[in-house]
Amino acid sequence: MKYLKRYEDGERMTHWVVAITFVLAGLSGLAFFHPSLFFFSHLFGGGPWTRILHPFIGLLMFLAFVLMAVHHWRDNVMKPGDSEWRKKAPDLLLGRHPQMPPAGKFNAGQKVLFWVLLVCMVVLLATGVALWRPWIAPLLPVDLLRVSVLLHAVGAAVLVLMIIGHIYMGIWTKGSMRGMTRGNVPEGWARLHHPAWHREMTRGK
Amino acid sequence: MGSMQSLDVVARSATTTPTPQVRTAIPQVAKLIDESKCIGCKACQVACMNWNDLRDEIGEHVGVYDNPADLTPTSWTVMRFFEVDPKEGSLEWLIRKDGCMHCEDPGCLKACPSPGAIVKYANGIVDFNSEHCIGCGYCIKGCPFDVPRISAKDNKAYKCTLCSDRVGVGLEPACVKTCPTGAIGFGTKDDMVAYGNKRAGELKERGFANAGLYNPEGVGGTHVMYVLKHADRPELEDLPKNPSISPLVSLWKGFAKPLALAGMVGAVLVGFFHYMKVGPHEEQSEEEKV
């Protein structure tokens, strides 16, 4: 089988740093979000340790995401055809095999994911830094902190929902996972899911 | 403060099942602070640090009587002095003993994410079990009165316990016991409301037309109440006029919390059943295409 290079080593490692820190920041954050999930704090050595570690993990996640965004943002700019792709996406999900406009390196759904994640990351960083005890929060007015706790929770919930979708797409679309674990994908996979990218990669070969 | 009253806990932070509350024959208590009788001697501050074995840092003199200038992790009550002119040209010196108000609907408890770090007893006292405190500062966001203080030494939140340890064995709070003018009263909530209204009536007769009891409804009433000479303008003494838990906190810890959790669990379930129904997204074999 012929394979096409999809993600360089550095891109993959950065992605997995984001993924691991997302899981850790997510579990430690959910511990504080709902009483039924407070038991997650045991994974981090108890309540106070969870409170201490969460912001550092979150900061690492943000920095790794920025690195990833610098690599990928150009491929995530919306192009003509993307709005039609988004319109047909429900049919695709329902297994009706619609004729999709040819996707580039990333399809329109992945592009939406990218930009929503970017917004979430910025919101989580700004509000998270504001809430950071014992260093930052004591310097700020309580009204700002109240806005921050709410926005932090909303940002986190949206982020988690998007990532659940992201992970599911990796499971649903057979062959995708290999791109992020090995760095290459079968040519047939590329032709089917990202025809425009496939053309670009095989031009003149 | 402690788990002495572990059988009469009516509310517990970050807990979704009923708390142990078998002891029901417990009257609601309240502390009544009559500012018209207060002489600003700070004996209550001394009694508080004495009973609770607290010693604050020796601070800086800030040019007014307030000392320490604010509540701290080791100063759970402070006298605040206000020079105000409620009417044009009428100087008045108002003195308010500041500290936890022990809300019937405590915002700190609502915001706290650590199970059992904040409890409310059947008698109405809101207490911090500081060994369960994780130092996140959520109680500060929940409090409409700016009361909890987090120690820089141990990252735990502290505030007035209403001497829950003394009240639990039938004693009045230390500040009440020590007050030389009887400005601080303690008893059942009903008695204190009645007495406070009587005192407000007496003050009205003496020319304080707007005297009244400060027992704000927005937080369900409080277990620390004031008799104010100018109850129509509590903001003269840095008291919020209509305190309530911030709607942002209510939304965050009320509606948003179960909704987001349901959303996350729902998304995983939708994914699972989608896969089982539609199957994977892959190249179709020749038979499937037919």
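Before any of the text, the structure's been laid out above.
What this report covers is the structure whose coordinates are included nearby. The structure displayed is predicted, hence computed values, not measured ones. (Residues numbered from 1 in each chain as written. Chains lettered and ligands numbered in written order. Predicted model: local features only at pLDDT ≥ 70, side-chain atom pairs only at ≥ 80, totals over all residues.)

### Considering the overall build of chain B
From N to C terminus, chain B includes nine helices and eleven strands. Expected size for 290 residues packed as a compact globule is a radius of gyration near 19 Å; at 24 Å, chain B overshoots this value by more than 25%. Taking the principal axes of the C-alpha coordinates as reference, chain B spans close to 95 × 45 × 40 Å. Burial analysis of chain B (290 residues in total) assigns 42% to the buried set. Pairs at least 24 residues apart make up 63% of the contacts formed inside chain B by residues separated by at least 6 positions. (Helix = DSSP H or I, 4+ residues; strand = E, 2+ residues; numbered from the N terminus. Rg over C-alpha atoms; globule rule 2.2 N^0.38 Å. Buried ≥ 20, exposed ≤ 12 C-beta atoms within 10 Å, placed from the backbone. Contact = placed C-beta atoms within 7 Å.)

### Looking at the nonpolar core
By size, the foremost hydrophobic cluster in this structure holds 100 residues, and its most contacted members are B:Cys112, B:Ile118 and B:Cys139. The biggest single contributor to this core is helix α5 (residues 142-172) of chain A, with nine residues. Here this core spans two domains, since at least three of its residues come from each of domain 1 (9-245) and domain 2 (246-280) of chain B. Residues contacting B:Cys112, with those up to four places away along its chain left out, are B:Ser13, B:Ala14, B:Ala117, B:Ile118, B:Tyr138 and B:Cys139. Residues A:Trp85, A:Ala103, A:Trp189 and A:Trp197 belong to the second largest nonpolar core, which totals seven residues. (Core = buried A, V, L, I, M, F, W, Y, C linked by C-beta atoms within 7 Å. Domains from an automatic or database assignment.)

### Notes on the sheet that holds strand β9 (residues 184-188) of chain B
Residues and elements named next belong to chain B. Reading across from one edge, β9-β2-β11-β10 is the order of the four strands in this open sheet, with mixed pairing throughout. If you trace the sheet from one side to the other, it starts and ends with β9 and β10 (212-214), each paired once. Each strand axis lies, on average, 25° off the axis of its neighbour in the sheet, ignoring direction. As paired elements, strand β2 (residues 29-34) and β9 share five bridges and run antiparallel to each other. (Pairing = 2+ DSSP bridges. Axes fitted to C-alpha atoms, helices over the stretch in contact; angles between N-to-C directions.)

### Some words on the interface of chain B and chain A
Across the boundary between the two partners, chain B contributes 36 residues, which contact 33 residues of chain A. Of all the elements in the fold, those that place two or more residues in the side of chain B that touches chain A are α3 (138-142), α7 (247-253) and α8 (256-278) of chain B. In terms of residue count, α8(B) provides more of the side of chain B that touches chain A than any other element does, eleven residues in total. The residue makeup of the side of chain B that touches chain A, split by class, is 20 nonpolar, eleven polar and five charged. (Nonpolar A, V, L, I, M, F, W, Y, C, P; charged D, E, K, R; others polar.)

### Quick look at the packing of helix α4 (residues 108-130) of chain A against α5(A)
Residue and element names in this part refer to chain A. In the contact formed by α4 and α5, the axes pass within 8 Å of each other and the chain directions differ by 150°. Compared by their axis directions, α4 and α5 come out roughly antiparallel. Crossing angle aside, the handedness with which α4 passes α5 is left-handed. Each of Leu 113, Val 116, Leu 117, Cys 120, Val 123, Leu 124, Thr 127, Gly 128 and Ala 130 in α4 lies in contact with α5, whose residues at this interface are Leu 144, Leu 145, Ser 148, Leu 151, His 152, Gly 155, Ala 156, Val 158, Leu 159, Met 162 and His 166. In terms of residue class, the contact of α4 with α5 is built from 14 nonpolar, six polar and no charged. (Parallel < 35°, antiparallel > 145°, perpendicular 65-115°, else oblique. Left-handed = near helix turned anticlockwise from the far one by under 90°.)

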